[in-house]
Amino acid sequence: MRSHFGGALRRVDSGTKVVLGGWVHRSRDLGGLLFIDLRDREGLVQVSFNPHWTSPEVIAAATAIGVESVVLVEGTVAERPQTMWNPNMATGEIEVQATAIRVVGPAVTPAIPVALDKEGKLPAEELRLRHRVLDLRREELQRALILRHRLMQVTRRFLSGQGYLELETPILTKPTPEGARDFLVPSRVHAGEFYALPQSPQIYKQLFMCCGFDRYFQIARCFRDEDLRADRQLEFTQIDIEASFIGREDIITMSEGLIQALWSEAGFAVETPFPRMSYADAMERFGCDKPDLRYGLEIRDETAVFKTSESGIIQGALSAGGRVRGIRVPGGAAWSRKQVDELEAIAKSAGAGGLVRLKSANGQLEGPLAKFLSADAQQALALADGNLFLGVAGLDRVSSPALDRVRQECAARLGLVNESQRRFLWVLDFPMFDQDPETGALAAVHHPFTSPNADDMREHPDAPARWRALAYDCVLNGTELGGGSIRTSDPAVQSRMFQLLGIGDTAEQERRFGFLLEGLRAGAPPHGGIAFGFDRIAMLLSGVSSLRDVIAFPKTTAARALFEGAPSIVPAVDLEELHIRTVEG
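Remember, it's a predicted structure, so these values are computed and weren't measured experimentally. (Residues numbered from 1 in each chain as written. Predicted model: local features only at pLDDT ≥ 70, side-chain atom pairs only at ≥ 80, totals over all residues. Heavy atoms only, no water.)

K.L.:
Please explain helix α10 (residues 337-349) as it appears in this structure.
P.N.:
An α-helical segment advances 3.6 residues per turn. Residues three or four places apart therefore align on the same side. Over its 13 residues, α10 extends 18 Å from the first C-alpha to the last, a length consistent with the 18 Å expected when each residue adds 1.5 Å. Those residues of α10 lying buried are V340, L343, E344, I346 and A347. Down the axis of α10, the sector holding all buried residues measures 155°, keeping them to one side. In this structure, α10 carries K338 and S349 as exposed residues pointing more than 90 degrees from its buried face. Close packing links the buried residues of α10 with β14 (356-361), β16 (388-394) and α12 (396-414). Two residues or fewer past α10, G351 is found with a positive phi of approximately 110°. (Helix = DSSP H or I, 4+ residues; strand = E, 2+ residues; numbered from the N terminus. Expected span 1.5 Å × (residues − 1). Buried < 20%, exposed > 50% of the residue type's maximum accessible area, 1.4 Å probe, protein only. Arc of directions from axis to C-beta. Contact = heavy atoms within 4.5 Å.)

K.L.:
Sorry, what's going on with the layout of surface pockets here?
P.N.:
Rolling a probe over the atoms, with the probe sized like a water molecule, indicates the empty space that remains. Approximately 790 Å³ is the volume found for the second largest pocket. What lines the second largest pocket is a set of 30 residues, among which H25, G43, L44, N88 and E139 lie closest to the centre. Among the secondary structure elements, those contributing two or more residues to the lining of the second largest pocket are β1 (17-29), β2 (34-40), β3 (43-49) and α4 (139-161). The dominant element in the lining of the second largest pocket, judged by the number of residues it contributes, is α4, at five residues. Classifying every residue of the lining of the second largest pocket by side-chain character gives eight nonpolar, eight polar and 14 charged. (1 Å grid on protein atoms, 1.4 Å probe; cavity = no way out; pocket = protein on both sides within 12 Å on 5 of 7 lines; lining within 4 Å. Points joined across faces, edges and corners; volume = space filled by probe spheres on them. Nonpolar A, V, L, I, M, F, W, Y, C, P; charged D, E, K, R; others polar.)

K.L.:
Would you take a moment to explain the sheet that holds β14 for this structure?
P.N.:
Note on sheets: strands pair through backbone hydrogen bonds, and any given pair is parallel or antiparallel. Read from one edge of the open sheet, five strands run β12-β13-β16-β14-β15, paired in antiparallel fashion. This sheet does not close on itself; its edge strands, each paired only once, are β12 (300-301) and β15 (364-366). When β14 meets β15, the two strands line up antiparallel, connected through three bridges. What sits directly across from S360, in β15, is L365. Here α10 sits on the sheet and contacts β14 and β16; the angle it forms with β14, its principal contact strand, is near 150°. (Pairing = 2+ DSSP bridges. Axes fitted to C-alpha atoms, helices over the stretch in contact; angles between N-to-C directions.)

K.L.:
Would you mind going over the nonpolar core with me for this structure?
P.N.:
Across soluble globular proteins, nonpolar side chains show a tendency to be buried alongside one another. Judged by nonpolar contacts, the single largest core of 42 residues is most densely connected at I241, W263, L481 and F532. Not counting residues up to four positions away in its chain, the partners in contact with F532 are T237, Q238, I239, S255, L258, I259, C474, L481, G482 and I537. Listed in part, the 21 residues of the second largest apolar core include I36, I65, V77 and A98. (Core = buried A, V, L, I, M, F, W, Y, C linked by side-chain atoms within 4.5 Å.)

K.L.:
Whenever I open this one, the packing of helix α14 (residues 491-500) against helix α15 (residues 506-521) confuses me. Can you help?
P.N.:
The description of two packed helices rests on the angle between their axes and on the distance between the axes. Between α14 and α15, whose axes approach to 10 Å, the crossing angle comes to 160°. Classed by the angle they form, the pair α14 and α15 counts as roughly antiparallel. Here α14 and α15 pass one another in a crossing that is right-handed. Where α14 approaches α15, its residues P491, Q494, S495, F498 and Q499 are matched on the opposing element by Q509, F513, L516, L517, L520 and R521. (Parallel < 35°, antiparallel > 145°, perpendicular 65-115°, else oblique. Left-handed = near helix turned anticlockwise from the far one by under 90°.)

K.L.:
Is there a simple way to think about the packing of aromatic side chains in this case?
P.N.:
For any pair of aromatic rings, geometry is given as the distance between the ring centres together with the angle between the planes. Following the criterion strictly, the structure yields 13 aromatic pairs and no others. When the centroid spacing of 5.4 Å and the interplanar angle of 75° are considered together, the rings of W263 and F424 count as edge-to-face. With W263 in helix α6 (residues 248-265) and F424 in strand β17 (residues 424-428), the pair connects residues that are 161 residues apart, well separated along the chain. Given the relative accessible area of 2%, W263 is considered buried. (Phe/Tyr/Trp six-rings, centres within 6.5 Å; stacked < 30°, edge-to-face > 60°.)

K.L.:
What's the story with unusual backbone geometry in this structure? I'm lost.
P.N.:
Note: most peptide bonds trans; most residues except glycine with negative phi. Residue P273 follows T272 across a cis peptide bond; omega there is 0°. Take P273: it is sitting in the loop between α6 and β11 (276-278). Following A566, the chain continues to P567 via a peptide bond in cis, the omega torsion being 0°. By the element assignment, P567 lies in the loop between α16 (534-542) and α17 (572-577). Positive phi, normally seen in glycine, also occurs at D429, with a value near 60°. Along the chain, the position of D429 falls in the loop between β17 and β18 (433-435). Residue classification places D429 among the partly exposed residues on the basis of a relative accessible area of 23%. If you check the backbone angles, H579 has positive phi at about 65° while not being a glycine. Checked against the element boundaries, H579 lands in the segment after α17.

K.L.:
What's the story with the sheet that holds strand β5 (residues 94-105) in this structure? I'm lost.
P.N.:
With respect to topology, five strands assemble into a closed barrel ordered β1-β2-β3-β5-β4, the strand pairing being mixed. Across the sheet, the axes of successive neighbouring strands diverge by a mean angle of 55°, strand direction being ignored. With seven bridges joining them, β2 and β3 adopt antiparallel strand pairing. Across the sheet, residue D40 finds its bridge partner in β3, namely G43.

If you want it as structure tokens, here you go:
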């Protein structure tokens with residue numbers, strides 16, 4: 001029915017007779033002359049209806065066609081006069097001189113415009129999600145989803161070329177602790193029993209290593225019942241990778257090659273190897289485990305400066321085992337009190353009691369705490385004239401997240417964030433466990449299948465809170481792209497990990513993880529892997545601001561699919577067949 005994509009036509013096609021199929025993007029009636037911008041997935045092309053080459057009947061029919069109707073157009077490609085070239089269209093040097101047009105998909109008046117309005121604005125996002133079919137006709141979203149397709153193919157080619165096998169894992173599986181709530185699926189044939197949708201294919205990909213497949217990958221669909229935000233969805237896609245007889249360096253080298261290939265597909269060059277930083281160093285210098293290295297404003301320990309301070313607040317924090325840490329903001333002394341109060345509110349929202357605020361102006365240290373610092377302490381602080389010191393007094397678990405947020409806000413205000421810069425980083429040597437400060441209970445930082453550092457286990461056999469994990473995260477500009485680890489392949493060590501996490505009963509371990517332990521007991525090679533957030537990578541490479549712009553039919557932040565109307569109420573008779581009753585309230 002169609003000979004060409006209209007958006008792909010160029011001057012070289014001049015003189016070619018074509019049949020185009022697409023949507024009427026807009027039309028312009030100039031009194032006897034009619035122009036239609038025809039849209040297909042390759043872009044727009046101008047179709048002209050002129051009495052010199054178009055019959056009056058065809059012009060009349062074309063004039064009556066509404067926007068977003070689907071049409072077939074016959075005509076000839078012609079070069080426009082140079083004075084009429086449109087540099088804003090890839091097809092701007094040509095037009096199609098129409099001889100016939102036929103509506104094959106009539107459209108009602110669209111609920112939302114596909115084109116931007118006169119002010120270059122779009123309808124509200126929820127309205128666009130409700131009318132997603134129209135929204136997905138926008139060039140920006142089509143480009144993003146087409147790039148997503150290309151990135152998938154690059155992933156498959158690269159990993160297949162490295163000897164990895166694309167293997168599938170179950171979608172209906174067993175509930176396991178992966179750090180978030182499971183989506184549960186009731187079994188009709190086994191009353192009272194439930195499947196879970198996978199939070200990741202973690203255990204199955206480890207079992208593939210026990211089976212001897214050696215290298216596995218999957219562009220995997222995963223599900224987590226957690227709160228949404230711009231870079232998170234209930235269901236998401238990850239590039240899931242696992243390999244046998246490898247160490248950390250093998251995974252890192254392979255991952256850097258994959259990232260190079262993906263970024264190259266989007267037109268960006270990436271230099272390897274990426275720099276590396278320990279988790280402890282990242283937390284000390286930046287307050288987070290995914291630091292943005294495009295700017296400085298590093299956190300410094302200023303406890304020695306403030307240890308003789310007469311401030312009761314600071315002395316109370318120090319006596320409780322805390323420190324005074326902060327950042328120096330160049331030129332921040334010129335900020336108003338209101339501006340600094342806004343930064344303090346950000347620190348408080350992250351858990352801090354407040355900010356230690358000092359500024360140097362005309363050689364004098366000013367601020368509420370300046371009077372509590374001796375001349376020697378002020379000299380030791382050595383705050384340059386015009387600079388602002390913003391600190392937090394307290395335990396690291398309080399000061400780090402607060403200073404991380406303050407650092408990011410200061411960088412944005414100072415214009416230090418270079419959007420065109422790409423600073424990749426590997427963060428290594430994560431702690432194996434988080435320890436609850438009140439109960440002492442341990443929780444896995446990554447997941448319970450990560451291998452602890454063998455040296456730490458030998459040196460601190462009775463202090464697992466001091467163990468580091470053989471885990472690694474790949475970070476770009478403050479965003480985590482992916483993370484992985486070397487896994488525990490010894491079933492006895494894996495059983496001990498479960499015990500440390502409060503799953504000490506052997507029967508309970510078998511009930512919850514028996515299929516993994518059985519696989520490890522059958523003989524497991526040393527293995528490890530990594531998983532990259534594919535949606536997030538597609539978002540970054542597309543230049544859009546939300547994951548929803550690279551997912552065809554996403555959920556809102558209220559966890560609703562507005563176009564389909566999901567979730568929805570299920571009739572009681574259908575629930576009864578699944579052995580389920582709902583309870584009001």
